[in-house]
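A closer look at the structure
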Amino acid sequence: MEQVAEKNDKEIKESPSWLDIRIAEKLKMTVEEQVAYKKLHWKEIQARVKVLDERLAKYDVLIADEDEIADLVSKDRRAHYEKSIGN
């Protein structure tokens, strides 16, 4: 059982994330292709931005440095972990 978990963990760490794949695809596009993509998907892009803005709106503190970001991420991960184990 432990070996399976280690194998799965290794595969997850080594496989590119969905976001990395999307970013790589966009970076390969020429400027003209990016402009065309923007024109074709503008409403979808606006909807994503709106959702992101709503998520970020609940955080009323502007983060100034990487240490603050790391602290917030750490606290958030700990809270999710503790919630998942039932504490």
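Everything quoted here is computed from the prediction, not taken from an experiment. (Residues numbered from 1 in each chain as written. Predicted model: local features only at pLDDT ≥ 70, side-chain atom pairs only at ≥ 80, totals over all residues. Heavy atoms only, no water.)

Looking now at the confidence of the model for the protein chain. Chain-level pLDDT for the protein chain is 78 on average; 75% of the residues reach the 70-or-more range. The spread of mean pLDDT over the elements of the protein chain runs between helix H1 (residues 2-14), the lowest at 55, and helix H3 (residues 31-40), the highest at 90. (pLDDT = per-residue confidence, 0-100. Helix = DSSP H or I, 4+ residues; strand = E, 2+ residues; numbered from the N terminus.)

Okay, a nonpolar patch on the surface next. A cluster of nonpolar side chains, namely Trp18, Leu19, Ile23 and Leu27, defines an oily patch on the protein surface of about 490 Å² accessible area. Here Leu27 shows up in helix H2 (residues 18-28). Among the residues examined, Leu27 registers a relative accessible area of 68% and is labelled exposed. (Patch = residues over 30% accessible without salt bridge, like charges linked within 9 Å, V, L, I, M, F, W, Y side chains within 5 Å. Areas by Shrake-Rupley, 256 points an atom, 1.4 Å probe, with all protein chains shown as cover. Salt bridge = Lys/Arg side-chain N within 4 Å of Asp/Glu carboxyl O. Buried < 20%, exposed > 50% of the residue type's maximum accessible area, 1.4 Å probe, protein only.)

Attention now goes to a negative patch on the surface. On the surface, a cluster of negative charge is made up of Asp65, Glu66, Asp67, Glu68 and Asp71. Relative to the elements of secondary structure, Asp71 occurs in helix H5 (residues 66-85). (Lys, Arg positive; Asp, Glu negative; His and termini not counted. Charge placed at Lys NZ, Arg CZ, Asp CG, Glu CD.)

Bringing the pattern of salt bridges into the picture now. Once the charged atoms of two side chains with opposite charge are near each other, the side chains can pair. Tallying each qualifying case throughout the model produces two salt bridges. Residue Arg48 pairs with Glu44 through a salt bridge whose shortest N-O separation is 2.3 Å. Residue Arg48 and its partner Glu44 are both found in helix H4 (residues 42-57); the two are separated by four residues, about one turn of the helix. The exposure class of Glu44 is partly exposed, given its relative accessible area of 36%. One salt bridge in this structure joins Glu82 and Arg78, with 3.7 Å as the shortest N-O distance. Note that Glu82 and Arg78 are positioned in helix H5 at a spacing of four residues, about one turn of the helix. Among the residues examined, Glu82 registers a relative accessible area of 32% and is labelled partly exposed. A relative accessible area of 53% means that Arg78 is categorised as exposed.

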